[in-house]
Each structure stands twice: as C-alpha cells, then as structure tokens.
Amino acid sequence: MSKKILIVGGVAGGASAAARIRRLDESANIIVFEKGPHVSFSNCCLPYHLSGQIENHEELVLMTPDKFFNQYNINTRIYNEVLSIDRENKKVIAKNVVTGKTYEEGYDKLILSPGANAIVPPIEGIEDAKTFVVKNVVDIAKLNQFIISKDAKNVSVIGAGFIGMEVAENLKEAGYNVTLIEAASQVMRTFDEDMVQILHKELFDKGINLILQDKVTKFNNSDVVLESGKIVQSDAVVMAIGVKPEVTLAKECGLEIGETGALKVDSNYRTIDKDIYAVGDAIEVTNAISRKIQHLPLAGPAQKQARAVADHIYGLPVKNTGYIGSSCIKVFDYNAACTGLTEAQCKNLGINYDSVYVIPQDKVGLMPDNNHLHFKLIFEVPTGKVLGAQSIGKGNVDKRVDIVATLIKMGGDIDDLRDLELCYAPPFGTAKDAVNHAALVALNIMNNTFKQVHVSDVRKLVEENAYIIDAREKNEYEEGHIINAVNIPLSEIRNRIDEIPTDKPVYIHCRSAQRSYNASVLLGHLGFENIYNMSGSFLGICFYEYFRDKSENRKPIVTNYNFK
C-alpha cells in the first residue's frame, strides 16, 4: 500500500522533501500545503528585486503547482493553511483561505516545514508607520510597488543581518537614500568585530547612513525615533531585526519545543512523534564544533534536512554530523564569507583559542584584477584544531572559506590546512593560497616562532606611547603612518639594531605583516625577546580604524589612511 505523506510548508525544506520523496517512491501520495500563493520561490534572491537585478518579481517563483504536478505528480495546495494536527488519529485540519472551507486530511507521515516569521516588536507608533518585512515574493513585491508608486526617497532598514544588509544595498543601488539601523555595535554578528569593520567602511563609502548601537524607540508616522534622540526621516521602513521559528502548530499538538524556542528533533529530524518530522527554519540543530544546540535559519541546511527526512522515511541511512553555519554575503564591491565559530563565540564557550589575520593577494600580483584578501583563521590551543574562518575581499572569498569549512567538518587542524594541495594558476590564485598562508602563520604562533598583537590592540598601544617600528620603506612611511611610529625599514634594520630598545616591548608593522614578520624573526635570532608583530599591519589597521574615526569624529591614530 502506498504511503500518504503530508508536508506543511514549501520552499527549501518542504518542496525539497517532496521532490526527494517522489524520486524514492513513485507511488507515494504527496500533498504539500502552503497558505500563501507560492510553494517554491528563491527567498535568498528576494532583495535583488529592489535594485532591478531581478526585474519581474514573478521570476522569483521557481515552481508553480501545475509544474510541480506535471513534473513530479505532487499535489500542491496553495492558499491552504493547516490549522491543527490530530496526532492520535494521524490527520490534519486544513482550511482553504480563499473559500473558507475546512477539511480533514489523513497521513502516514507528516513533515513540518513552516519556516520562521519576521520579528516585528510592538514599537510605539508602528501601526501608523509604513513598515514592511521581507519573507516571501508577496512581501518584496509589496515593498517595491509601494516605494515606486509613492515616489519614496528615504528608506530605513532596521536590523543589519543578512536580509537587512542585502535590502539596504539593493535599495541604495536603486537610488534611494538608505539608513541602516542596528542596535548592536556591528553589522553581521557572524563576523568578528575586527573583520566587520571592513564592511562598515564599505557601507559608509557607498553612502549608506549606518547607525550602530542605537535602538528604535518609536515611530512618528514613518520617521524613526532612536534611543539617542536622533530622528531618521523615512518614507518606508523595512523591519529586518531577525526571525523566530514558527512553532504554533507544533506547540498546539504537544510536540516538544527546544531550548532555542525552535522545534526539537532527533538526529533523523523526527519529533517526539515517530510519524512527524520537521525541517528548516522551524527546528534547532546541533553545532558540529561546540556540540551546543542552535537555531540556524539557512537554506543549505534546510535542503540537507529535507533529503535526510525523505531518506529516513524510506529506511535509507542518514548521517547527521551537525552544522557549522557556513555563509556568505555580497556588500557592494566586497564579498564576505565565514564558517565555524567566531572569536566571540569561542570566548562565550570558554574555548582556549587563538587567531591569525593575514592579508595576502587573492591572485598573483601581476594579474590586473588582483585584490587584497582579508583572512582570519581561528584555532584551538594547544591542539591546533581549526574552529572557524572569516574572509572579506573583492575576489573569491567563498572559495577560501569553503576549503576551511570542509576541513572543519573532517576534524582537521592547522597542520592539515598547511598541507592542503590546492589548484593554482596566476588568474585564479597564488602558489601559496591564503588558507595555506594563514595556517603557516598559525603554526608559527603555536610554535612561538614570534609573538603578535591584533589590530584591535593598536589604538591602545598608540595612546600609551608604545614603541612602534614601521618596517616599510621611507616613501611608504611618508604617505601615511601611525602617528608615533619610528621608521626603520626592513632593508635597513640590520644596520640600525642599536636604535631598537631592549628594555620594553617593541611592536613592528609593515603594510600587510610580511616584512614585519621577517623583521620579528630576524630580531629574535639576534636575542631580542621583546618583539611583537602587528597582525594585519598598516593595511589592517587602516581598515579597522576608518569607520569609527569617521562616524564618531574620533582622532585618527594614522597620519593618512592607505587602503592600497
């Protein structure tokens, strides 16, 4: 007898599960319930409709009910909402939201993929503001049609996660004045504070009015009033604060909700009811590194979960190794990618760790399209186990982070990363790729070949009048330098040893930490034990300091910024 499988919700989780089930069982009776008009759409591409990169919002729809039926023989019921689940009798109560008719549908197996809802707090005056969320095709079409029809000029985006960042960029590309408001001290908390300053600079340079560490307290019509007293004029407001898992159905039928507020499932994505599974943004998962439970609303994990559920229903083996949260984003001219644990997460978890920050070229320097590649590697001490990576640049940062993500899932350490043999030709990369480079630096730190300080430490050192050596050539120094740095180029350092103090710490930098590393090692061989290399060096310092200097009207610690 054929199985009857009901799926609540479509998109990455539900639609993928339905298609996989059909590939496993031609006779299965598969019914997908979707309370909205679209069962399968590219939710990750929604913001790009605002800039016109995707001109027609209907192009965002990937699979219509007719196409789903004709290609897969899957019954898709759009505008049909599941109201309740009767676990004892294995049936759901559904409602056609167009006709108002309610009906029952039995099941052998039930898959929940309701997704997550946008967080919209009850802020004073919100009922009179023109606010929008971005969850589906209807939402993005509604927002775009409003700002065009009302000839909007100023749009505020509240929240600077993935959706907020992408919406802000695409609105700016479309010609709007955009204010991006974030209550935290930085955008994109999937990145560490030192790396994210590069994105802050890019947003600032591209004309985004970026406001950090300021909460929305109320709305005056659509104008946004902040805790600081600032008033941001707005014709429309996009609420992108975050999402919360949709667990109403699960709660009402007695399924267990986990510690994150998402639906609790086992390693096969099955709930406490052996006939009910759940996938996607509604569930919590295990972090593969920390083994802690987390909520991870990403499309890639949802698709993996959907396939695993279908396989488990049909008795195929499922290997759930947990998730590490690999992700990437485009921010105007920069690409950013990350995987694994951040430095902040390591601190919160009590993990003994260290990190290195390198800025090699993303391809051979003679190539006309080569660019800097900012790369941060986080590793456990003393094991050397790789914990995470972050990369930002104008080239293929995702490639580098994907390499590290693969290594993390395989339990690799920094020596494994050093030893990776990767593709190379001048138009694609360098003979010693950025990930190999970072691993070598990490090994040097682990082996005490030299000592380092991070870019986030430099301002304090300058304020304390620490002894800082700039190991670049004189012409580079004159174009811009740390205000109290002494210029002793690497090419002259052997002849100027007597100028270097031995009775206090000495901090050395160059442009990107290569020459200063050589200087640090050289001095170490000559008996100096007080030498520290500045991770990231002058280039990293400039990127780290720039946005706060500009936004806070803060006195710079450099005579002139240099981002070349």
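Just so you know, these numbers come straight off a predicted model, no measurement behind them. Each chain carries its own residue numbering, running from 1 in the direction its sequence is written. Confidence filtering applies because this is a predicted model: local features only for residues at pLDDT of at least 70, side-chain atom pairs given and counted only at 80 or more, and all residues used for totals across whole chains, interfaces and linings. As a convention, hydrogens and water are excluded, and side-chain values are obtained from all of the structure's heavy atoms.

### A short note on the pairing of strand β6 (residues 80-86)
And then number 1: Pairing between two strands is assigned when DSSP locates at least 2 bridges connecting them. Where helices and strands are cited, they refer to DSSP runs of H or I of at least four residues and of E of at least two residues respectively, numbered from the N terminus. Sheet analysis places β6 next to strand β7 (residues 91-96), joined by six bridges and oriented antiparallel. By the bridge assignment, S84 is partnered in β7 with I93.
And then number 2: Two successive antiparallel strands, β6 and β7, enclose a turn made up of four residues, where K90 displays a positive phi of approximately 50°.

### Digging into the environment of K432
And then number 1: Looking at the element boundaries, K432 is found in the loop between α10 (414-419) and α11 (434-446).
And then number 2: Sequence separation between K432 and C346 is 86 residues; the distance between their C-alpha atoms is 28 Å.
And then number 3: The contact partners of K432, leaving out residues within four places of it in the chain, are H437 and L440. Contacts are assigned to residue pairs that have any heavy atoms within 4.5 Å of one another.

### Some remarks on the pairing of strand β2 (residues 29-34)
And then number 1: Most of β2 is tucked away, with five of its six residues classed as buried.
And then number 2: The pairing of strand β1 (residues 4-8) with β2 spans five bridges and is classified as parallel. Paired with K4 across the bridge in β2 is N29.
And then number 3: Seen with its strands pointing away from the viewer, a crossover is right-handed if its path from the first strand over the helix to the second goes clockwise. For the handedness criterion, the β-α-β arrangement of β1, helix α1 (residues 11-24) and β2 is classed as right-handed. Remark: exposure states derive from per-residue accessible area (1.4 Å probe, protein chains only) relative to the maximum for the residue type, with buried under 20%, exposed over 50%, and partly exposed in between.

### Regarding the packing of helix α5 (residues 193-205) against helix α15 (residues 537-551)
And then number 1: Only C-alpha atoms enter the line fits that serve as axes; for helices the fit covers just the stretch in contact. Angles between N-to-C directions range over 0 to 180 degrees. At their nearest, the axes of α5 and α15 sit 8 Å apart, and the two run at 55° to each other. Comparing the axis directions of α5 and α15 gives the class oblique. Note on packing geometry: the crossing formed by α5 with α15 is left-handed. Only F543, Y544, Y546, F547, R548 and K550 of α15 make contact with α5, whose side of the interface consists of E193, D194, Q197, I198, H200, K201, F204 and D205.
And then number 2: Each residue belonging to the contact of α5 with α15 can be placed in one class, and the counts come to six nonpolar, two polar and six charged. Put simply, angles under 35 degrees are roughly parallel, angles over 145 are roughly antiparallel, angles from 65 to 115 are roughly perpendicular, and the rest are oblique. The crossing is said to be left-handed when, going from far helix to near helix, the turn is anticlockwise and less than a right angle, and right-handed when the turn is clockwise. The classification used treats Ala, Val, Leu, Ile, Met, Phe, Trp, Tyr, Cys and Pro as nonpolar, Asp, Glu, Lys and Arg as charged, and all other residues, Gly among them, as polar.

### Here we look at the sheet that holds β1
The strands making up a sheet are joined through hydrogen bonds of the backbone, oriented either antiparallel or parallel.
And then number 1: Taken in spatial order, the five strands line up as β5-β2-β1-β9-β20 in an open sheet, and their pairing is parallel. Each edge of the open sheet carries a strand with a single partner, namely β5 (75-78) and β20 (276-278). When strand polarity is set aside, the average angle formed by the axes of neighbouring strands in this sheet is 15°.

### Examining α15
And then number 1: Compared with an ideal rise of 1.5 Å per residue, which puts 15 residues at 21 Å, α15 spans 22 Å between its outermost C-alpha atoms and is within 8% of the ideal.
And then number 2: Take the seven residues that end at a residue and the seven that start at it, fit an axis to each, and the angle between those axes is the bend at that residue. The largest bend along α15 measures about 35° and falls at E545.
And then number 3: In terms of residue burial, α15 counts as a mostly covered element, since twelve of its 15 residues are buried.
And then number 4: Within α15, burial applies to S537, F538, L539, G540, I541, C542, F543, Y544, E545, Y546, F547 and D549.
And then number 5: Looking at the residues trailing α15, positive phi occurs at N553, about 50°. Take the residue count of a helix, subtract one, and multiply by 1.5 Å to get its expected span.

### As for the nonpolar core
And then number 1: Residue types Ala, Val, Leu, Ile, Met, Phe, Trp, Tyr and Cys, when buried and joined through side-chain atoms within 4.5 Å, form a set referred to as a nonpolar core. Residues I147, L180, V187 and I482 are the most contacted members of the largest nonpolar core, which totals 71 residues.
And then number 2: Take this core: its biggest share by element is eight residues, from α15.
And then number 3: When residues no more than four places from it in sequence are discounted, the contact partners of V187 are A160, M165, L180, V196, H200, L203, L210 and L212.
And then number 4: Listed in part, the 48 residues of the second largest apolar core include A18, V82, V92 and I111.

Shape descriptors only; they carry no functional weight alone.
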